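Residue-level structure breakdown
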Amino acid sequence: MRSLQFDWPESPMQRIDSPAINKQKLTVCVKRDDLLHPTISGNKWRKLKYNLKDMHDNNKNAFVTFSGAFSNHLYASSMAAKLHNIEGHVILRGPHIDEQNPTIKMARACHMNLHVVNRITYRKRNNTHYQDEIREQLPNCYLIPEGGSNQAALSGVKELARSLPESDYIVCPTGSGGTLAGLIDGSAETSHILGIAVLKNAEYLNQDIVGLSEKAATQNNWQILEQYHDGGYGKFTPELWLFCQKIRRDYNLPLEPIYSGKAFYALWQLIEQGYFPAHSNITFVHTGGLQGLDGLRYRKLI
C-alpha cells in the first residue's frame with residue numbers, strides 16, 4: 001500500500017462582530033474547518049485521519065463503516081477512499097437506495113461499495129457480535145464506527161483543539177459526541193466547552209462522552225446544551241434556515257441547518273441572552289458538512 005498523506009494546512013479563523021457581541025465586549029471567532037479541504041472537510045476528516053492511519057499501520061488495505069444515505073460521514077468516507085486509493089465499504093441504512101440522491105451518486109462515483117441493510121439490521125451496528133460477522137465477511141477491512149467517533153478519532157480532534165486560540169468558551173455542534181470528547185481531551189481546563197446537541201433526548205451523550213474521554217469523567221468544564229435541537233435530528237424550523245441565510249449574506253459564513261447552523265444559532269441566542277461574561281473569548285468550531293445542503297435541496301426542504 002502506498003504511503004498516505006495525512007497532513008494538510010490548518011484551516012483559518014474568522015472573526016464575527018455584531019451589535020450584541022460588541023455591546024457585551026465579547027470576542028467571537030469561527031474556526032473554519034469547513035475550509036480544511038475542498039472535499040473532505042470539518043470534523044469528518046479530523047475523525048477519519050487517525051482511523052485511516054490505524055488501518056494503514058495494521059496492514060489493512062480497506063475499511064468498512066456505517067452510514068445513512070444523506071450522511072456527511074458517507075460523503076467524507078467516499079472521498080477519502082477515492083483520494084487515497086483505498087477500498088471502501090459502507091453498511092448503508094436502507095432498505096432502499098435512491099440512486100438520484102446526490103450523496104449516493106457521489107459515493108458511486110468514488111467506487112464505494114454500498115451494502116444495503118434494513119433498519120432492524122442497521123440497529124445492530126454497535127453490537128460486537130454483528131461487527132465480528134462483518135469482519136469475517138470482510139477480513140481485509142478496518143472497521144470504523146458510524147460517524148467515525150472512537151479513540152482514533154479523538155487524536156484528530158485533539159489536534160483541532162491545539163490549533164485553536166486561547167478561549168474562554170469553545171462551542172461546537174454535537175451529534176455522536178466524538179468532536180466534543182476530543183475538544184475536552186485537547187483543550188486547556190480553563191476553557192469551558194459547550195456542545196450544542198443537534199438531536200432530541202441527548203442526555204445519553206454525556207455517558208458516551210465520558211466513555212470516550214478520560215478527562216470528561218474528572219473535569220467539570222464541559223456540558224451539553226440540549227434545548228437547541230430545533231425539533232430533532234435532521235429537522236429545522238423556517239426561522240433557523242432564515243438565520244443561516246442571513247449569516248451567509250452578512251458574514252460570508254456558509255452554514256447548513258442540521259449541524260453548524262443549528263449550533264451557531266444557539267450561540268447567537270446565548271449571546272443575545274447575556275449568557276457569556278463580558279470580555280469572554282469565544283471560539284465556534286465550524287465542523288463542515290456543507291454537502292448536506294445538496295441533499296436538503298434535492299428533498300425540497302430548502
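Residues numbered from 1 in each chain as written. Predicted model: local features only at pLDDT ≥ 70, side-chain atom pairs only at ≥ 80, totals over all residues. Heavy atoms only, no water.

**Considering the overall build of the chain**
- The secondary structure content of the chain amounts to 13 helices and 10 strands.
- Relative to a compact globule of 302 residues, whose C-alpha radius of gyration would be 19 Å, the chain shows 19 Å and is just as compact.
- When the 302 residues of the chain are sorted by exposure, 55% land in the buried category.
- Surface summary for the chain: the accessible area is close to 13900 Å², and the carbon and sulfur share equals 47%.
- Averaging the coordinates of the 33 positive side-chain charges in the chain and doing the same for the 29 negative ones gives two points 5 Å apart. (Helix = DSSP H or I, 4+ residues; strand = E, 2+ residues; numbered from the N terminus. Rg over C-alpha atoms; globule rule 2.2 N^0.38 Å. Buried < 20%, exposed > 50% of the residue type's maximum accessible area, 1.4 Å probe, protein only. Areas by Shrake-Rupley, 256 points an atom, 1.4 Å probe, with all protein chains shown as cover. Lys, Arg positive; Asp, Glu negative; His and termini not counted. Charge placed at Lys NZ, Arg CZ, Asp CG, Glu CD.)

**What about the pairing of strand 8 (residues 192-197)?**
- The buried count for strand 8 comes to five of six residues, which makes it a mostly enclosed element.
- As judged from the six bridges shared by strand 7 (residues 169-174) and strand 8, these two strands associate in the parallel manner. Within the sheet, the bridge partner assigned to T174 lies in strand 8 and is A197.
- Summarising the sheet, strand 8 and strand 9 (residues 222-225) pair through four bridges and their orientation is parallel. Its bridge partner lying in strand 9, I193 is registered against W222. (Pairing = 2+ DSSP bridges.)

**Regarding helix 11 (residues 238-251)**
- Compared with the 20 Å implied by 1.5 Å per residue over 14 residues, the 20 Å span of helix 11 between its first and last C-alpha is a close match.
- For helix 11, the full list of buried residues reads L240, F243, C244 and I247. Viewed along the axis of helix 11, the buried residues span an arc of 100°, placing them on a single side of the element. Along helix 11, the residues that are exposed and aim more than 90 degrees away from the buried face are P238, L242 and R249.
- Looking at the packing, one finds that the buried side of helix 11 touches helix 12 (260-272).
- Taken from the residues just after helix 11, N252 is the one with a positive phi, measuring 55°. (Expected span 1.5 Å × (residues − 1). Arc of directions from axis to C-beta. Contact = heavy atoms within 4.5 Å.)

**Some thoughts on the side chain of S167**
- With respect to the secondary-structure elements, S167 resides in the loop between helix 7 (151-163) and strand 7.
- Take S167: its relative accessible area is 4%, and that puts it in the buried class.
- Side-chain polar atoms of S167 contact the backbone oxygen of P165, separated by 2.7 Å.
- At 2.7 Å, the side chain of S167 and the side chain of T283 are in polar contact.
- Aside from chain neighbours lying at most four places away, what touches S167 is T190, S191, N281 and T283. (Polar contact = N/O pair within 3.5 Å; in protein donor to acceptor, adjacent residues only side chain to side chain.)

**Description of the environment of A109**
- With respect to the element layout, A109 can be found in helix 4 (residues 102-109).
- A residue is classified by how much of its surface remains accessible, and A109, at 49% relative accessible area, is partly exposed.
- Taking the C-alpha atoms as reference points, A109 and I184, 75 residues apart in sequence, are found 37 Å from one another.

**Considerations on the UniProt feature "active site" (unreviewed entry) in the chain**
- Per the UniProt record, "active site" (unreviewed entry) is annotated on S71.
- Of note, S71 is situated in the loop between strand 3 (62-67) and helix 3 (72-83).
- With near-sequence residues (within four places) excluded, S71 lies in contact with T103 and Q291. (UniProt positions renumbered as here; feature names shortened; annotations may be inferred.)

**Some remarks on the domain arrangement of the chain**
- By the assigned domains, the chain splits into domain 1 (13-41 + 150-299) and domain 2 (43-144).
- For domain 1 versus domain 2, the separation of C-alpha centres amounts to 25 Å.
- Domain 1 puts 28 residues into the contact, and the matching count from domain 2 is 23 residues.
- Interface of domain 1 and domain 2: buried area, both sides summed, is about 2200 Å²; carbon and sulfur atoms make up 56% of it.
- The largest share of the area that domain 1 buries against domain 2 comes from I40, Q291 and Y298, three residues that together contribute 31% of it. (Domains from an automatic or database assignment. Buried area = accessible area lost by both parts, 1.4 Å probe.)

**Here we look at the UniProt feature "domain: Tryptophan synthase beta chain-like PALP" (unreviewed entry) in the chain**
- Mapped onto this numbering, the UniProt entry gives "domain: Tryptophan synthase beta chain-like PALP" (unreviewed entry) at residues 18-288.
- With 44% helix and 18% strand, residues 18-288 has end C-alpha atoms that lie 23 Å from one another.

**Focus on the packing of helix 2 (residues 42-57) against helix 3**
- Running from N to C, helix 2 and helix 3 point in directions that differ by 50°, and their axes come no closer than 10 Å. Classified by the angle their axes make, helix 2 and helix 3 are oblique. The crossing of helix 2 and helix 3 is right-handed. In this structure, helix 2 uses K44, L48 and L52 to contact helix 3, whose residues at the interface are N72, H73, A76, S77 and A80.
- Here the contact of helix 2 with helix 3 is built from residues that sort into four nonpolar, three polar and one charged. (Axes fitted to C-alpha atoms, helices over the stretch in contact; angles between N-to-C directions. Parallel < 35°, antiparallel > 145°, perpendicular 65-115°, else oblique. Left-handed = near helix turned anticlockwise from the far one by under 90°. Nonpolar A, V, L, I, M, F, W, Y, C, P; charged D, E, K, R; others polar.)

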